[in-house]
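Summary of the model geometry
Given next are the chains, with one letter for each unit.
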Amino acid sequence: MAKEKEKILGMDGDKFRMFMGKYGIGVILVLMMVFISFMEPSFRSASNMINVATQVSINAMIAYGMCLAITTEGIDLSVGAQLALVSCILGQLISNKGWSIPLAILAAVLVSTLWGVINGLLVSKFNMFPFVVTLSTQLIIRGLAQLISGGQAIPITDAAFKKIYSTKIAAVPFPILVLILVTVLMYLLLHWTKLGRYIFAVGDNMNAAIASGVSVIKTKTAVYAISGFLAGIAGVIFTAKTASAQSNIGIGYETDAVAACVLGGTSFAGGVATIPGVLMGIFIIGFIYNGMNLIGIDSYYQSMTKGAVIIGAVLLDMVMNKKTN
């Protein structure tokens, strides 16, 4: 007698897992929006949606870099500190040194990119654990930010710099336009370029990638350099938002980035990731914060909820892939 196929919600088990693997994150996002809209009608207003998108644009930059690192079986815990370092460099160069805004931004982002290169070389060339490397450089970078700022906030009064965050083009805030552009570029990079194929190959099976002629050192160095570059962009937008350079900003941003990646289907086992998934993951995190604030739930519960969502996402991924495993 043929074994009866497993049924989940009236659907063939394999088909259900395939469906959730492709569209599960979208289903979760829609259900969350419906639930929060029911609890607080003002949540679904156009102004609130634009507000959420503008706020998550900063976190999305960091999450995309984190996605690349995790896809190669790594992690980048230094991104929040890099954001703070870029902020402090901008404060010093613009407010205290009188540099032009474009030149100051270029210098600050180059520094964060360089730190990404250092992370990548330590991980790939010296075969050090990414967790240990980026945790260590996080401390060094945060210390440099404090040294540059003297532990004090540096106000940036230049109106032109503030417009990086406040400017609107066709009623769309500039940070959202940056988010759209970076999302498209990251999608093309990961899914349509040779580097993207190398990233998946290294994360899926490093030995097989090496045997195929893939340079692990160059690939991982490029990944962490991109992560540093994107953290730098996030630092520019964040500093323009606050009009102040501070060394204590960006704390916990790496957690939100990891959460977005996990929710978006990026696997810590390496070799599995999608940019649209990460984008939806970061919006879920943003909606959690925004929805709870509108409903009036204490911030303490927001972190607890985010942690529970991460665990749930990991468990769901394990269930959906148990046949493969």
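The structure this text deals with has already been given above.
1. So, the packing of aromatic side chains
- Evaluation of the coordinates by the stated rule reveals 3 aromatic pairs.
- Centroid distance F43 to F287: 5.2 Å. Interplanar angle 75 degrees. Geometry classified as edge-to-face. Here F43 is found in the loop between α1 (13-39) and α2 (46-71), whereas its partner F287 is found in helix α12 (residues 275-295), with 244 residues between them in sequence. Both residues of the pair, F43 and F287, belong to the buried class.
- Their ring planes at 45 degrees and their centres at 5.9 Å tell us that F283 and F287 sit as a pair that is tilted. Of the two residues, F283 and F287 are both situated in helix α12; the distance of 4 residues between them amounts to about one turn of the helix. For the pair F283 and F287, a shared accessibility class is recorded, and that class is buried.
- Ring pairing ties together the aromatic residues F43, F283 and F287, which thus form one cluster.

2. Here's the deal with a nonpolar patch on the surface
- Taken together, the side chains of F35, F38, M39, L294, I295, I297, Y300, Y301 and M304 make up a nonpolar region of the molecular surface, amounting to roughly 990 Å² of accessible area.
- Among the secondary structure elements, Y300 is positioned in helix α13 (residues 299-320).

3. Re the packing of helix α4 (residues 101-124) against helix α10 (residues 216-242)
- At a minimum axis separation of 7 Å, α4 and α10 run at an interaxial angle of 150 degrees. Overall, the two elements α4 and α10 adopt an arrangement that is roughly antiparallel. Remark: the crossing between α4 and α10 carries right-handed chirality. Where α4 approaches α10, its residues I105, V109, S112, T113, G116, V117, N119, G120, L121, V123 and S124 are matched on the opposing element by V216, I217, K220, T221, Y224, A225, G228, F229, G232, I233 and V236.
- Residue classes in the contact of α4 with α10 are distributed as 12 nonpolar, 9 polar and 1 charged.

What counts, and where the lines are drawn
Residues numbered from 1 in each chain as written. Predicted model: local features only at pLDDT ≥ 70, side-chain atom pairs only at ≥ 80, totals over all residues. Heavy atoms only, no water. Phe/Tyr/Trp six-rings, centres within 6.5 Å; stacked < 30°, edge-to-face > 60°. Helix = DSSP H or I, 4+ residues; strand = E, 2+ residues; numbered from the N terminus. Buried < 20%, exposed > 50% of the residue type's maximum accessible area, 1.4 Å probe, protein only. Patch = residues over 30% accessible without salt bridge, like charges linked within 9 Å, V, L, I, M, F, W, Y side chains within 5 Å. Areas by Shrake-Rupley, 256 points an atom, 1.4 Å probe, with all protein chains shown as cover. Salt bridge = Lys/Arg side-chain N within 4 Å of Asp/Glu carboxyl O. Axes fitted to C-alpha atoms, helices over the stretch in contact; angles between N-to-C directions. Parallel < 35°, antiparallel > 145°, perpendicular 65-115°, else oblique. Left-handed = near helix turned anticlockwise from the far one by under 90°. Contact = heavy atoms within 4.5 Å. Nonpolar A, V, L, I, M, F, W, Y, C, P; charged D, E, K, R; others polar.

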